[in-house]
Amino acid sequence: MIYLDNNATTRVAPEVLDAMQPYLGQLFGNPSSAHALGREMKRAVEQSREQVANLIRAADVNEIVFTSCGSESDNWAIRGVLATRPEKKHIVTTLVEHEAVRNLCRLLENEGYEVTWLGVDQNGELDLSDLRAALRPDTALVSTMLANNETGVLFPIEDIGNIVREHSEALFHVDGVQAVGKIPIDLKNTAVDLFALSGHKLHAPQGIGALYMRNGVSLPSWIIGGGQEQGRRAGTSAVPNIVGLGAACRLALKDDGHARIEQLRNRLEDEILRTIPNARLNGVADRSKRLPNTSNISFAYVDGQNILMHLDQAGIGVSTGSACHSTTQESSPTLKAMNVPYPVAQGSIRFSVGRYNTEEEIETTLSVLPGIIEKLAEMSPYQEELKA
Amino acid sequence: MENTITADHFLNPRNVGNAEEPSFHGRAASLVCGALVRFSIQVDEAHAVSQARFRAAGCDVMVAASSLLCEQVEGKNTAAAAAIGQDAVTLSERMETEKVRCVELACNALLDAIREYSDAAREDWAGDEALICTCFFVSERTIEREIQTGGLTTVAEVTRVCNAGGGCGSCHQLIQEILEANDLPR
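First, a word on what this report is: a plain description of the structure on this page. All of these numbers come straight from a predicted model, not from anything done at the bench.

Secondary structure summary: chain B contains eight helices and five strands in total. If you list the helices and strands of chain B from N to C, you get α-β-β-β-α-α-α-α-β-β-α-α-α. Taking 16 Å as the expected radius of gyration for a compact globule of 186 residues, we find that chain B reaches 18 Å, a close match to that expectation. On the principal axes, the C-alpha backbone points of chain B span a range of 60 × 35 × 25 Å. Within chain B, buried positions represent 49% of all 186 residues. Taking as baseline every contact in chain B between residues at least 6 positions apart, the subset at least 24 positions apart corresponds to 60%.

Below, the structure is given as structure tokens:
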């Protein structure tokens, strides 16, 4: 399979697997145990915490807490902030957040919170004056993503953080899940209070995430039980997964493959837009404002799910924003917020490149795709529009 | 896509395009998922579908169902074609899919095309008695007679007795009007 769906999940890196292996075999023990095996586990966990802190440039290793996934981190951050300031009933977020944030905020609307949903322009970018206007004395929390999972469009979290800090008492939570491991992050020098990340997006296994909590930000314990994670989240630490996340962070920090990934993405994007007549880019054209690995391209008037399945048949794995693609029958909320016309949004395909893709794979994709689009365009009931 | 018929008709759809003129068209769209499908059919003098073609932008199941429907209805008279179009469940079972709604969408576009044909055929009818059901060739007089002798009060009853309205359904409104005109006080 030519895997161009690295924003969905990534293959566990061999380096990560090597680091984890001992902890799935001869090295075992409970990090809370006082004996030698327990101490070894504890040491491994703390080493990983440091590796995570290094990757996102946290000021202090203890600002990192391990969770089970990105969604858990988001839920904890948002619910936690609200619990600490019960008198404030206002939340600011965006229409293009991942479900973990979007659906939680929808739920909170039913629980008596007022949510201001910031929109985006046709490039997928925020208007920061909207943010400023939305802030109020009773705003408890501002929650935005760093990188959009569908389009790769980046939000300027430095600017957002400064505005939030300058004009409100709100805390600022960032869903960084899609960005970590793909672009440099420097939380020490950013006005971010909470930051969620997930291991499987950067070649660690599924089932491990982390939440960054700036020193001074204190949230109620998320799981009540033993004193793990300094009493903030009880439950026996998932040592193999934690070790895997640490190894993945170390790999992301030293990996020199980032430029290569970007080149592959650029080649794919440029060629598709050049050779396929009904192709158009979703998201800002300026690549410095997007993740270096992501291209979201619409093939107007043909169905994304059909494209996906024909590519699948050809051994190429991608994602689509088409409504019928999965369990939900909702078409992409991000593309909707960007005002992408319906028949165009329906034909959207997300290509997300990763460290194990090769030039050859990109060329194969480029040779297969035009034929598929042509065939589907011939089948499209919007023929007249396609001829125009 | 486990089912080989579904996979085959999705990956290699038959009968894509437009039927030759003169042809009749039908469309169906889903407000839920945004799928759009269009059928065009050509009907010969024996009221048989001589050509069925489709164009679709929608999911795999809808594309495969459209392709299968075209194959199934070609050569059938409009009554038989409409019966196929009205039975999305049987087609779904053959395709081994639970997405009956997607199959239904294709069926609805086919039925829409048959109705367009029926309306035109009714309009063009040059016989002595007004033709109501073009699928089963039932005249207004026959329907009136059945209503009066049988004391019928619903379209379903009329269909049961004389088949009228049992095909594409384009005459249901007309049958309803005949029922109302014959609704004598008892």
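Per the secondary structure count, chain A includes 13 helices and 13 strands. Each of the three principal axes of chain A carries a C-alpha extent, and together these read 70 × 55 × 35 Å. Residue burial in chain A is summarised as follows: out of 388 residues, 51% are buried. Restricting to contacts in chain A with at least 6 residues of sequence separation, those with at least 24 account for 73%.

Each pair of packed helices can be summarised by the angle the axes make with each other and by the distance between the axes. Residue and element names in this part refer to chain B. Taken N-terminus to C-terminus, the directions of helix H6 (residues 140-150) and helix H7 (residues 155-162) make an angle of 105°; their axes are 10 Å apart at the nearest point. The angle between the axes of H6 and H7 places the two elements in the roughly perpendicular class. Here H6 contributes Thr142, Ile143, Glu146, Ile147 and Gly150 to the contact with H7, which in turn contributes Val158, Val161 and Cys162. Residues that form the contact of H6 with H7 fall into these classes: five nonpolar, two polar and one charged.

The next thing to look at is helix H4 (residues 99-110) of chain A. All names here are of chain A. Look at H4: 16 Å from first C-alpha to last across 12 residues, which is about the 16 Å you get at 1.5 Å a residue. Residues of H4 that are buried in the fold lie against helix H3 (70-84), strand S3 (90-94), strand S4 (114-118), strand S5 (139-145), strand S6 (171-175) and helix H10 (333-337). Just beyond H4, the residue with positive phi is Gly112, at close to 100°.

Once that is clear, we can look at the sheet that holds strand S10 (residues 294-299) of chain A. Working definition: the strands of a sheet are paired by backbone hydrogen bonds and lie parallel or antiparallel to each other. All names here are of chain A. The four strands are arranged S9-S10-S13-S12 in an open sheet whose pairing can be described as antiparallel. Single-partner strands in this sheet number two, and they are strand S9 (279-282) and strand S12 (319-320). Where S9 lies against S10, four bridges are found, and the strand directions are antiparallel. Paired with Arg280 across the strands is Ser298, a residue of S10.

The interface is formed by 17 residues belonging to chain B together with 19 residues belonging to chain A. Elements that contribute at least two residues to the side of chain B that touches chain A include exactly helix H1 (4-11), strand S2 (36-43), strand S3 (49-57) and helix H2 (60-73) of chain B. By residue class, the composition of the side of chain B that touches chain A is 12 nonpolar, two polar and three charged.

Note on soluble globular proteins: their nonpolar side chains tend to be buried together. Of all hydrophobic cores here, the largest spans 86 residues; its most connected members are B:Val37, B:Ile41, B:Met62, B:Ala65, B:Ala106 and B:Leu110. In terms of residue count, helix H5 (residues 100-124) of chain B provides more of this core than any other element does, 11 residues in total. In terms of nonpolar packing, the next biggest core, distinct from the first, is built from 73 residues, A:Val81, A:Val164, A:Leu202 and A:Ala204 among them.

To continue, consider the packing of helix H4 (residues 88-95) of chain B against H5(B). Residues and elements named next belong to chain B. As a packed pair, H4 and H5 sit with axes 9 Å apart at the nearest point and diverge in direction by 125°. Accordingly, the angle class assigned to the pair H4 and H5 is oblique. Viewed along their axes, H4 and H5 form a crossing whose handedness is right-handed. Of H5, the residues touching H4 (which contributes Ala88, Val89, Leu91, Ser92 and Met95) are Val100, Val103, Glu104 and Cys107. Residues of the contact of H4 with H5, tallied by class, amount to seven nonpolar, one polar and one charged.

For the rest of this paragraph, the subject is the pairing of S6(A). Residues and elements named next belong to chain A. A large share of S6 lies buried, amounting to five of its five residues. Of the two faces of S6, the one holding Leu171, His173 and Asp175 and the one holding Phe172 and Val174 are both buried throughout. Where S5 lies against S6, five bridges are found, and the strand directions are parallel. Within S6, the position partnered with Ser143 by the bridge is His173. Crossover connection from S5 via helix H6 (residues 157-167) to parallel S6: handedness right-handed. With three bridges joining them, S6 and strand S7 (residues 194-198) adopt parallel strand pairing. Residue Val174 lies in a different strand from S7, and its bridge partner there is Phe195.

Residues and elements named next belong to chain A. Strand order in the open sheet formed by seven strands is S2-S8-S7-S6-S5-S3-S4, with mixed pairing between adjacent strands. Each edge of the open sheet is held by one strand with a lone partner, namely strand S2 (64-67) and S4. Ignoring which end each strand starts from, the neighbouring axes of this sheet average 20° apart. The strands that H4 touches are S3, S4, S5 and S6; relative to S3, the one it contacts most, it runs at about 150°.

This part takes up the pairing of S2(A). Residues and elements named next belong to chain A. Of the two faces of S2, the one holding Ile64 and Phe66 and the one holding Val65 and Thr67 are both buried throughout. Taken together, the four bridges between S2 and strand S8 (residues 209-213) define a ladder with antiparallel strand orientation. The partner of Phe66 across the bridge, within S8, is Ala210.

Conventions adopted
- Residues numbered from 1 in each chain as written.
- Chains lettered and ligands numbered in written order.
- Predicted model: local features only at pLDDT ≥ 70, side-chain atom pairs only at ≥ 80, totals over all residues.
- Helix = DSSP H or I, 4+ residues; strand = E, 2+ residues; numbered from the N terminus.
- Rg over C-alpha atoms; globule rule 2.2 N^0.38 Å.
- Buried ≥ 20, exposed ≤ 12 C-beta atoms within 10 Å, placed from the backbone.
- Contact = placed C-beta atoms within 7 Å.
- Axes fitted to C-alpha atoms, helices over the stretch in contact; angles between N-to-C directions.
- Parallel < 35°, antiparallel > 145°, perpendicular 65-115°, else oblique.
- Nonpolar A, V, L, I, M, F, W, Y, C, P; charged D, E, K, R; others polar.
- Expected span 1.5 Å × (residues − 1).
- Pairing = 2+ DSSP bridges.
- Core = buried A, V, L, I, M, F, W, Y, C linked by C-beta atoms within 7 Å.
- Left-handed = near helix turned anticlockwise from the far one by under 90°.
- Right-handed = clockwise from strand over helix to strand, strands pointing away.

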